[in-house]
Amino acid sequence: MERSDRERWVLGGASLFVLLAALYGFLWEPGLAARQRLSAALPALRAQVEDMRAQQREIAALRKKIGAAPRLSDPLPAIKASAAATQLGGSLARVEPLPGGKVLVVSPALDFDLWLAWIAALQRDFGVHLETCSLVALPQPGQVRVDATFSTATAPGRL
């Protein structure tokens, strides 16, 4: 109150200016910068969401396909027939039944990519699942030693 009206107006104007500058510097400018960053990232995020939706549809279709795969009580004939129909026929040293409706498959040397494709085909076409697997890399590139156990979804112990 000791100040004159003119000084109060100057101090009030300066305070208002400082307050507006602080609001702009601490709120408005960071908000604008964040908006620009988000606007730049939005197309990539939308593409990711669309990709996730496509993957979700693919997963649902694969689950439906796996659910429709025939269920076998004894996977041994299906495994032998599938191995004979592929390039694996001569590579498998042992294919023998185990207790509980399981099948043991042993190969001393096998192409890894061919092995993966065969496992996928067994599951897709016959509902035969890989239960346990031991792979040992061999000195030849892409070759592995395989000890595996297969079972079906209806075998005891499977859900």
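That block above? That's the structure.
Per chain, residues are indexed from 1 in the order of the written sequence. Note on the predicted model: pLDDT of at least 70 is required for a residue's local features to be given, and 80 or more for side-chain atom pairs to be given and counted; whole-chain, interface and lining totals, by contrast, use all residues. Note that the side-chain values use all heavy atoms of the structure and ignore hydrogens as well as water.

Student: Is there a simple way to explain the side chain of S107 in this structure?
Tutor: Only DSSP runs of H or I with at least four residues qualify as helices, and only runs of E with at least two residues qualify as strands; both kinds are numbered from the N terminus onward. Mapped onto the fold, S107 is located in strand β2 (residues 102-111). Under the rule applied, a polar contact is a pair of N or O atoms within 3.5 Å (in protein, one hydrogen donor and one hydrogen acceptor; residues adjacent in sequence only if both atoms are side-chain atoms). At 2.6 Å, the side chain of S107 forms a polar contact with the backbone oxygen of S91.

Student: In this structure, what is going on with the sheet that holds strand β1 (residues 94-98)? I would like to understand it.
Tutor: The pairing criterion for strands is at least two bridges between them, as found by DSSP. Taken in spatial order, the four strands make up an open sheet running β1-β2-β4-β3, and their pairing is antiparallel. Edge positions in the open sheet fall to β1 and β3 (128-137), since each of these has one partner strand only. Across the sheet, the mean angle from the axis of one strand to that of its neighbour is 20°, orientation sign disregarded. Bridge analysis of β1 against β2 gives five bridges, and the strand direction is antiparallel. Counted as the bridge partner of L98 is K102 from β2. Seen against the sheet, helix α2 (residues 76-85) touches β1, β2, β3 and β4 (143-152) and runs at an angle of roughly 170° to β1. Docked against the sheet, helix α3 (residues 112-126) engages β2, β3 and β4, running at close to 170° with respect to β3. To get an axis, a line is fitted to the C-alpha atoms, and for a helix only the part in contact is used. The angle between two axes follows their N-to-C directions and goes from 0 to 180 degrees. Should any heavy atoms of two residues lie within 4.5 Å, those residues are considered in contact.

Student: What should I look at first to understand the pattern of salt bridges in this one?
Tutor: Once their charged atoms are close, side chains differing in charge can pair, the charge on each being opposite to the other. A pairing counts as a salt bridge when a side-chain nitrogen of Lys or Arg comes within 4 Å of a carboxyl oxygen of Asp or Glu. Taken as a whole and judged by the stated rule, the model has six salt bridges. For the salt bridge of R57 with E50, the shortest nitrogen-to-oxygen distance reads 3.8 Å. With relative accessibility at 42%, the residue E50 sits in the partly exposed group. Under the scheme applied here, a residue whose accessible area is under 20% of the maximum for its type counts as buried, over 50% as exposed, and between as partly exposed, the area being computed with a 1.4 Å probe on protein chains only.

Student: I tried to follow the pairing of β3 on my own but got confused; where do I start?
Tutor: Both faces of the sheet carry side chains from a regular strand, because those side chains alternate between them. Alignment of β3 against β4, held across nine bridges, turns out to be antiparallel. Note on β4: the bridge partner recorded for V128 is T152.

Student: Which parts of the structure should I look at to understand a nonpolar patch on the surface?
Tutor: For patches, a residue must show more than 30% relative accessible area and have no salt bridge; joins then use 9 Å for like charges and 5 Å for nonpolar side chains, namely Val, Leu, Ile, Met, Phe, Trp and Tyr. Computed by Shrake-Rupley with a 1.4 Å probe, the accessible areas treat only the displayed protein chains as cover when residues are assessed. A cluster of nonpolar side chains, namely L16, L19, L20, L23, F26 and L27, defines an oily patch on the protein surface of about 650 Å² accessible area. The exposure class of L19 is partly exposed, given its relative accessible area of 49%.

Student: Would you mind showing me how to read α2 here?
Tutor: Within an α-helix, residues lying three or four positions from one another point in the same direction, as the helix has 3.6 residues per turn. Those residues of α2 that fall on the buried side of the exposure criterion are L76, A78, I79, S82 and A83. Taken around the axis of α2, the buried residues stretch over an arc of 165°, which confines them to a single face. In α2, the exposed positions angled more than 90 degrees off the buried face are occupied by A84 and A85. By arc we mean the arc of the directions from the helix axis to the C-beta atoms, nothing more.

Student: Help me understand the side chain of S82 in this model?
Tutor: By secondary structure assignment, the location of S82 is in helix α2. Residue classification places S82 among the buried positions, given a relative accessible area of 9%. Here S82 is in contact with W118, L122 and F126, once residues within four sequence places are set aside.

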